Amino acid sequence: MVTSGSPPGESGQDALLLDRWEGCTSAELRSIWGVPAVYLFAAVGSTNDIARRLGEQGAATGTLVLAEEQRAGRGRGGKSWSSPRGLGLWLSLIHRPPTGAWIGQLPLRIAIGTAAALDHWCEPKPVGVKWPNDLILDGKKVGGILCEGTWEKGELRHMVIGIGLNLLQGRDDFPPQIRERATSLRAATGQPISRFDVATELLDRLQPVLRAQSSEALPADLAGRDVLRGREVQIRGAEDARTIATGVAAGVAPDGALVLTTREGAVEVRSGTVHIVGGIG
Amino acid sequence: MGEHPNERHQIVDLDFLRGLIAAIDDSGIDSLEISRGGTRIRVAKTPPQAPGGNAGAGAGQSGAPMYAHVTPAPAASTAAATEPASAAAPTAASNLVDVTSPMVGTFYRAPAPEAPPYVEVGSKVVKGQTLCILEAMKLMNELEAEVEGVVREICIESAEPVEYGQVLFRIEPEE
């Protein structure tokens, strides 16, 4: 059931409220998932944009925005994220971690937590993480994380954690330009997938991640998930795609930076786009 | 950094500056910023007294005052400030308010490579308006204006690394 109206956080015709998702009302989902509020939408521009506005209006930490479809789903740097109706998990969470340099680790920590949630359907093979925020299965992208913070007066006011997981798509459900680079959990595993089960597992796994403190080391299972390790990679600028550095990925530094072995020695990478030479991405 | 004040006068060619001012005066543009020999020169007409007025109406007014602001261009790699300024602090020599980086990261003037910048020199900003994005390991952070006013300086190029406490913008506050 879809009702139009004036959904919280988004004006205009783009956002349509949803009464139930996978048979559950938002109140039921709130109770099952142990979050303060769940906003359900049939279609939105971007769940991150709605969550951000809710955050600005003072919505509680942990508030969840979930949509059946994103019409303008976003990846990093304004790239679009294909989010077709009913075929994935498109959600955003409001988070307010204590301000500190360590919050730069959060995209990576959330990617590792999300990968751990998906392991349930992929065992014994661990779901891969492509530093710092892409999820990889069979060498293809199965999900991504987009974390966006809003700062005022030197303090983080709130952060929106956007998670997009491809769950049920077949090959032809992906736009042609990403068809060879994207996959879904169902396509990769050949198993029936329940979106409700994936969401429940994901939110369960993310609870400790979101409670993590700055002093906690990055999860040890990262090494086994790191799809870049040992591969030759290029780091390119986000704006003009010029190559900033080339080298062999050698793991992740304690602060979350990607370590690259180059001809000039080891360098730590904290921005830019990672391309595997002769591979995905 | 560490530049002797006299050296600035040697760098700036007065004839060049006069020519620049005359060029702005005769033109319809409000401000111009150029980098030359490591020195950044910005020449701007003072903001209109009545914001929102017709831009063409000022042409007949007598001698619109001008001012020139000269600052050394920031070094390519500024050392991390050991004692970072607060997020918004009035600068000593003027009423401009510094907007500093609350983190180590990469500075972006626009949300996407092909998108227009959030603000330009001369842009009027309101409190809470997004000024830029700072990326820290794919955490995309939007920095909001804390004062209402006019952006007078953008102190760093897009896609450049920034340090904690580094000045990113200077804003002239409006009462």
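Engineer: Could you give me a rundown of the overall build of chain B, with the residues and numbers involved?
Structural biologist: On a plain count of helices and strands, chain B comes out with 2 helices and 12 strands. Going from N to C terminus, chain B has its helices and strands arranged as α-α-β-β-β-β-β-β-β-β-β-β-β-β. In chain B, which comprises 175 residues, the share counted as buried stands at 38%. Of the contacts formed within chain B by residues at least 6 apart in sequence, a portion of 58% connects residues at least 24 apart. For chain B, the exposed area adds up to about 9300 Å²; of that, 55% sits on carbon and sulfur atoms.

Engineer: Tell me about the pattern of salt bridges, and name the residues and values.
Structural biologist: All told, the structure shown has 28 salt bridges over all chains when counted by the stated rule. A salt bridge links A:D134 to A:K141, with the nearest nitrogen and oxygen atoms 3.5 Å apart. Look at A:D134 and you get buried, because its relative accessible area is 12%. Residues joined by salt bridges that share partners form a network here, namely A:R52, A:E56, A:E152, A:R157, B:E142 and B:E144.

Engineer: Which residues make up the side chain of A:H95, and what are the values?
Structural biologist: The topology assignment puts A:H95 in strand 7 (residues 88-95). Not counting chain neighbours up to four residues away, the residues in contact with A:H95 comprise A:T61, A:L106, A:H158, A:M159, A:I161 and A:L210.

Engineer: Pulling in residues and values, what's your account of the confidence of the model for chain B?
Structural biologist: Residues and elements named next belong to chain B. For chain B, per-residue confidence averages 66 on the pLDDT scale, and residues scoring 70 or more make up 47% of the total. Across chain B, element-level confidence peaks in strand 7 (residues 124-125) with a mean pLDDT of 97 and bottoms out in strand 3 (residues 66-72) with 29. Segment residues 1-11 is flagged for pLDDT under 50; beyond a separation of four residues in sequence, or across chains, it makes 7 contacts in the model. pLDDT under 50 marks residues 46-87. Its contacts with residues more than four places away, or in other chains, come to 55 contacts. Here the complex is predicted with pTM 0.76, and the ipTM for its interfaces comes to 0.85.

Definitions and limits used
- Residues numbered from 1 in each chain as written.
- Chains lettered and ligands numbered in written order.
- Predicted model: local features only at pLDDT ≥ 70, side-chain atom pairs only at ≥ 80, totals over all residues.
- Heavy atoms only, no water.
- Helix = DSSP H or I, 4+ residues; strand = E, 2+ residues; numbered from the N terminus.
- Buried < 20%, exposed > 50% of the residue type's maximum accessible area, 1.4 Å probe, protein only.
- Contact = heavy atoms within 4.5 Å.
- Areas by Shrake-Rupley, 256 points an atom, 1.4 Å probe, with all protein chains shown as cover.
- Salt bridge = Lys/Arg side-chain N within 4 Å of Asp/Glu carboxyl O.
- pLDDT = per-residue confidence, 0-100.

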